[in-house]
Amino acid sequence: GQYLVLSTDQFKMKSQYPQSAEVFILEVDELPSLPDKEGSLALVAPGGTIIDGFFYHRDMHHTLLIDDNGISLERADPDGASNDANNWFSGSESVGYATPGYQNSQYFSASPQIIFAVEPRIISPGSPTLPSYARIIYSLDYPGNSGSMFIFNKQGYLVKTLVNNSILPVSGSYKWDGTNEQARPVPMGYYIIFFQVTGEFEGTRNWQATVI
């Protein structure tokens, strides 16, 4: 029930993926070649029985990607079919495109629940008593999405871009500290958080909420 990382250079891996610094790593002398274009991988028991196997190809990556070099293909449902192309998705940009040693960014629950929440709705940067930033939390019902999140003022002008056309994990969070693109505090008033998500199967969906 645990995660295991196989690596030929654990120090290099930890430097590239700092979130994996404390995971269990098994350092090995060599690993099979995994060309970017296509390849196959199998997990074989000591007696020769194939426990699991997988054939991959470049077209399984997200269409948004111009260059897929160094980007992991992640298995969304560990109980789903290994060679179902719809069960594999590009790793999320927010985690560095890979999650060695912990749950895949595109992990898909069997009971998905759509969540879009902003907490709190009233912020006051610099105040000793009120929260200084709003946390935007989301959870989607399917992996393989790209998305953008913007802050607009009540006149409809763009104030800040929190994420722009990036590959998203199935769930995640962002925060807004009441500043604009120049990192300057915005005037008091109502602001709109606009979240747009485009999925390969669900099309484009929008959510929005207000913050004071």
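Here we summarise the structure given alongside this text. (Residues numbered from 1 in each chain as written. Predicted model: local features only at pLDDT ≥ 70, side-chain atom pairs only at ≥ 80, totals over all residues. Heavy atoms only, no water.)

Scanning the chain from N- to C-terminus turns up one helix and 13 strands. Along the chain, helices (α) and strands (β) appear in the sequence β-α-β-β-β-β-β-β-β-β-β-β-β-β when read from the amino end. By its C-alpha atoms, the chain is 70 × 35 × 30 Å across when sized along the principal axes. Every one of the 212 residues in the chain was classed for burial, and the buried ones make up 35%. Look at the contacts in the chain between residues 6 or more apart in sequence, and 48% of them connect residues 24 or more apart. Of the roughly 12,900 Å² that the chain leaves accessible, carbon and sulfur atoms contribute 51%. A distance of 13 Å separates the average location of the 12 positive side-chain charges in the chain from that of its 22 negative side-chain charges. (Helix = DSSP H or I, 4+ residues; strand = E, 2+ residues; numbered from the N terminus. Buried < 20%, exposed > 50% of the residue type's maximum accessible area, 1.4 Å probe, protein only. Contact = heavy atoms within 4.5 Å. Areas by Shrake-Rupley, 256 points an atom, 1.4 Å probe, with all protein chains shown as cover. Lys, Arg positive; Asp, Glu negative; His and termini not counted. Charge placed at Lys NZ, Arg CZ, Asp CG, Glu CD.)

There is a patch of like negative charges on the surface, built from Asp-9, Glu-27, Asp-29 and Glu-30. With respect to the helices and strands, Glu-30 occurs in the loop between strand E2 (25-27) and strand E3 (38-44). The exposed category is assigned to Glu-30, whose relative accessible area is 67%. (Patch = residues over 30% accessible without salt bridge, like charges linked within 9 Å, V, L, I, M, F, W, Y side chains within 5 Å. Salt bridge = Lys/Arg side-chain N within 4 Å of Asp/Glu carboxyl O.)

A few words now on the nonpolar core. The biggest cluster of nonpolar side chains holds 21 residues, and the ones touching the most others in it are Phe-116, Val-118, Trp-176, Ile-193 and Phe-195. It is strand E12 (residues 191-199) that provides the largest number of residues to this core, a total of four residues. Apart from residues no more than four positions distant in its own chain, Val-118 is found in contact with Ala-134, Arg-135, Ile-136, Ile-193, Ala-209 and Val-211. Grouped together as the second largest cluster of nonpolar side chains are five residues, Val-5, Met-13, Ile-25 and Ala-98 included. (Core = buried A, V, L, I, M, F, W, Y, C linked by side-chain atoms within 4.5 Å.)

Here we take up the packing of aromatic side chains. By the definition in use, this model includes eleven aromatic pairs. A ring pair is formed by Phe-195 and Trp-207, whose centres lie 6.0 Å apart and whose planes are at 35°; its orientation type is tilted. Taken together, the residues Phe-195 in strand E12 and Trp-207 in strand E13 (residues 203-211) connect sequence positions twelve residues apart. For the residue pair Phe-195 and Trp-207, the accessibility class agrees, reading buried in each case. These aromatic residues form a ring-pair network of at least three members: Phe-116, Tyr-138, Tyr-174, Phe-195 and Trp-207. (Phe/Tyr/Trp six-rings, centres within 6.5 Å; stacked < 30°, edge-to-face > 60°.)

What follows concerns the side chain of His-61. Along the polypeptide, His-61 turns up in the loop between strand E4 (50-57) and strand E5 (73-75). At a separation of 2.7 Å, a polar atom in the side chain of His-61 contacts the side chain of Ser-90. (Polar contact = N/O pair within 3.5 Å; in protein donor to acceptor, adjacent residues only side chain to side chain.)

Right, let's talk about the pattern of salt bridges for a bit. Taken as a whole, this structure holds five salt bridges when the rule is applied. Close ionic contact of Asp-52 with Arg-75 constitutes a salt bridge, the shortest N to O distance being 2.9 Å. Placement of the pair is Asp-52 in strand E4 and Arg-75 in strand E5, with a sequence separation of 23 residues. Taking the shortest distance from any N to any O, the salt bridge between Asp-141 and Arg-205 comes out at 3.0 Å.

Bringing the sheet that holds E12 into the picture now. On the basis of which strands lie adjacent, the open sheet formed by four strands has the order E10-E9-E12-E13 and antiparallel pairing. Each edge of the open sheet carries a strand with a single partner, namely strand E10 (158-168) and E13. Along the sheet, successive strands turn relative to each other by an average axial angle of 10°, direction set aside. Two strands pair when backbone bridges link them, and strand E9 (residues 145-153) and E10 are joined in this way by seven bridges, in the antiparallel orientation. Note that in E10 the partner of Ser-146 across the bridge is Ile-167. (Pairing = 2+ DSSP bridges. Axes fitted to C-alpha atoms, helices over the stretch in contact; angles between N-to-C directions.)

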